[in-house]
Every structure is written in structure tokens, then in C-alpha cells.
Amino acid sequence: MANNVYFEDVSVGDKLPEWSRKTDFMNWNRYAAVNDEFVYIHMDDEAGRKGLNEQGAFGMGNLRYAYIVNALQSWIGDEAEVREIGCQFRAINQKNDVLTVVGTVTATEVVDGEHRITLDIDVVNQKGEPTCPGHAIVAVPSRAA
Amino acid sequence: MSEQAEPETLVTADMIERKGVWGEPRVSPPVSESDIRKWAIAVYWPETPPAIFWDAAYAAGTRWASTIAPPDFNPFAWPIVTKKPKSAPEPAAQGEVKTRKLRGMNGGQVETYGVPMRAGDVITARNRLRDWEERQTRLGHTLFTYSELEWRNQDGELIKRRVSTAIRY
């Protein structure tokens, strides 16, 4: 279904459906391959430890950002648009972490005729620790249109 | 009479000169369907990515009328790296700004998206130092610099604008 969410059906406080990935070299290497992001700290445990992460190699911030995009797009559907994402990388993505994108609607408004939903977002690990707090804005269709 | 201390600043002359000045643009190779498909597979792994990124028949029935790229798709990946000619501009002309050698950290980013990228698009990127501010933090005197990256397609439409914050102290 192309349209999953209509503006009128969303309220402040609504939760973004959770979107999760268990991350390890299978995810990181594929991302390195498409983004030409071959950096030793993401590929080699010894390099990761030299980079002051005791557990070794760790995941790319850019991939975590992509997971935020995926979570939003999965929620709103193919025909709606991710309009803005802002975030800060606050914690490391360790090997075998289960990352879950979470979000809460903080505002709904019409801007220049576009029906926008603003959310607080984060990517939490399996311990519930926030790793990437921020916000997002999506543009969705209106039932009135 | 006691000597008055110079006000502390981490702002360099180069920053002042470069503020608001766009660097030389970079142009991507044409985006291909295969680039988009592989990107989508990677960021959705191990699940099958949404059809809008790889199934032309499905995408033809959407408002986009063709497959599109995920907003985070990078058309500048895998550049051909050649030896820099002597006439090549210095880094500052590409939008890089000389700052003092300080400790630093990534302060995050905000990306605003316009139209989606599609196969055949050629994307032009340009950067500039947009602004900065200095203030006292728990790290001491701290400089926050805001750099702006803009991507437009071959029709001049905005693809995205990224404002990145660098923290130096």
C-alpha cells in the first residue's frame, strides 16, 4: 500500500512503529560496499580497539541514519515523503547490537499547503540506551485532498 | 593600570573570509538503477527493500511514476581518484575551511529533503561555512561551526540540504 498514514489520523503523542536491525559485519560490509566507506575501525576489531572502543570494530553512523530513514518511510509509505531528519550520534553501535528506531509525534501542522508531522526520534540499543536522539519531519497526504 | 586580556576566540581569519562563500561544485556520475538497488539492499539487509526502490512496474503506478532512491542515497560514492593536477584549487576553494588545530567532535546534522533522486540524475554538490558561534561549555571555551552542503539535480531542483555542526574546544 502506497499511502499508510493520513494527516488527520495522526495525533501528538502517537508512537512511530518500531523498526529494528541486529547489526554486525553482514550489515556493515554491505553498507561499506555501496557507500565506499572502508574504514578500518568499521572493519577490524584491532583497529576498533586502537580507536578506543574496547569491544573492537563498530558500526557506521551513516548506516544508523539510514535506519531512521527506513523506519520513517516504512511508516508513511512510498508516496509520502521524509522532509527532514536531525540527529546527534551519542553512542557507539557495537557488533551484534539490536538497534531500534523509536519516535513520538510532537506536532502536526500545515506548512505551505503541505501536511507535516514532526516527531522526536532516537535509535536505542537492546539495553534501551539512546544512541542517536533527534527529530524528524514527514509530509503525508490529507484525506481532504 | 592592569593590562586588559584579549578576548578569547577560536575563530580564524580563514573562517571569516570563507563565511557564506560557496566552494567549487562537485558533479556526480549519473545515478543508475543498479546503484539505487544495491544501496537499498544494503540499508534494508537482511530484509527485501521496498519495491519503490527497484521494481519499475510497481513504481510506475505510484505518484513518482518511476523507481526512486532512498533519501540517504549517496551518488558521490566511488569517485574516480586521480592524481591532483598542479592547477587544482586548494582545499579552501572546495568549501573546506582552515580552523585551528583543536580537539573536536561531531555535533550532529540536520538534513532537509526536496525532490527524490532517480536513475539518470546527475547531482551537483556545493559546500560552504554558513555560520558559527562561540560560548562557554563544560569543555571550556567552545566553537560551534555550522557547515552547509547542498545537492541539486540537473534541473536545479533541491535534493537535500545538510547543516552539520562541528564542535571544537
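About the cut-offs
- Residues numbered from 1 in each chain as written.
- Chains lettered and ligands numbered in written order.
- Predicted model: local features only at pLDDT ≥ 70, side-chain atom pairs only at ≥ 80, totals over all residues.
- Helix = DSSP H or I, 4+ residues; strand = E, 2+ residues; numbered from the N terminus.
- Buried ≥ 20, exposed ≤ 12 C-beta atoms within 10 Å, placed from the backbone.
- Contact = placed C-beta atoms within 7 Å.
- Arc of directions from axis to C-beta.
- Nonpolar A, V, L, I, M, F, W, Y, C, P; charged D, E, K, R; others polar.
- Pairing = 2+ DSSP bridges.
- Core = buried A, V, L, I, M, F, W, Y, C linked by C-beta atoms within 7 Å.
- Domains from an automatic or database assignment.
- Axes fitted to C-alpha atoms, helices over the stretch in contact; angles between N-to-C directions.

### Observations concerning the overall build of chain A
Within chain A, the regular secondary structure consists of three helices and five strands. Along its sequence from the N terminus, chain A presents helices and strands in the succession β-α-α-α-β-β-β-β. Projected onto its principal axes, the C-alpha positions of chain A cover 55 × 30 × 25 Å. Of all 145 residues assigned to chain A, the portion counted as buried reaches 40%. Taking the contacts inside chain A whose residues are at least 6 apart along the sequence as the reference set, 67% of them involve residues at least 24 apart.

### Some thoughts on the environment of Trp 28 of chain A
Locating Trp 28 of chain A in the fold gives a position in helix α1 (residues 25-35). By the C-beta count within 10 Å, which is 23 here, Trp 28 of chain A ends up buried.

### A look at α1 of chain A
Those residues of α1 of chain A that fall on the buried side of the exposure criterion are Asn 27, Trp 28, Tyr 31, Val 34 and Asn 35 of chain A. Relative to the axis of α1 of chain A, the buried residues are bounded by an arc of 135 degrees and lie together on one face. Buried residues along α1 of chain A sit in contact with β1 (19-22) and α3 (61-76) of chain A together with α2 (33-44) of chain B. Just downstream of α1 of chain A, Asp 36 of chain A is the residue with a positive phi angle, here 55 degrees.

### Looking at the interface of chain B and chain A
Between chain B and chain A, the residue contacts involve 26 residues of the former and 25 residues of the latter. Of all the elements in the fold, those that place two or more residues in the side of chain B that touches chain A are α2 and β2 (104-113) of chain B. If one sorts the elements of the side of chain B that touches chain A by residue count, β2 of chain B sits on top with eight residues. By residue class, the composition of the side of chain B that touches chain A is 15 nonpolar, seven polar and four charged. With four bridges connecting them, strand β2 (residues 81-87) of chain A and β2 of chain B associate as antiparallel partners. What sits directly across from Gly 86 of chain A, in β2 of chain B, is Val 110 of chain B.

### With respect to the nonpolar core
Tyr 67, Ile 68, Leu 72, Ala 136 and Val 138 of chain A are the most contacted members of the largest nonpolar core, which has 52 residues in total. Going through the elements one at a time, α1, α3, β2, β3 (98-111), β4 (114-124) and β5 (134-139) of chain A together with α2 of chain B are the ones with two or more residues in this core. Take this core: its biggest share by element is 10 residues, from α3 of chain A. Shared between two domains, this core holds at least three residues of each, these being domain 1 (9-31 + 95-169) and domain 2 (32-74) of chain B.

### Quick notes on the environment of Ile 41 of chain A
Residue and element names in this part refer to chain A. Among the structural elements, Ile 41 can be located in the loop between α1 and α2 (45-50). Taking the C-alpha atoms as reference points, Ile 41 and Asn 3, 38 residues apart in sequence, are found 40 Å from one another. Dropping the residues within four chain positions of it, Ile 41 is found in contact with Ala 47, Gly 48, Gly 51, Ala 57 and Phe 58.

### Digging into the sheet that holds β1 of chain A
Strand order across the open sheet formed by 10 strands is β1(A)-β3(A)-β4(A)-β5(A)-β2(A)-β2(B)-β5(B)-β4(B)-β3(B)-β1(B), with antiparallel pairing between neighbours. Either end of the sheet is taken by a strand with one partner, and the two such strands are β1 of chain A together with β1 (26-27) of chain B. Running over the sheet, α3 of chain A touches β1, β2, β3, β4 and β5 of chain A and is turned about 145 degrees from β2 of chain A.

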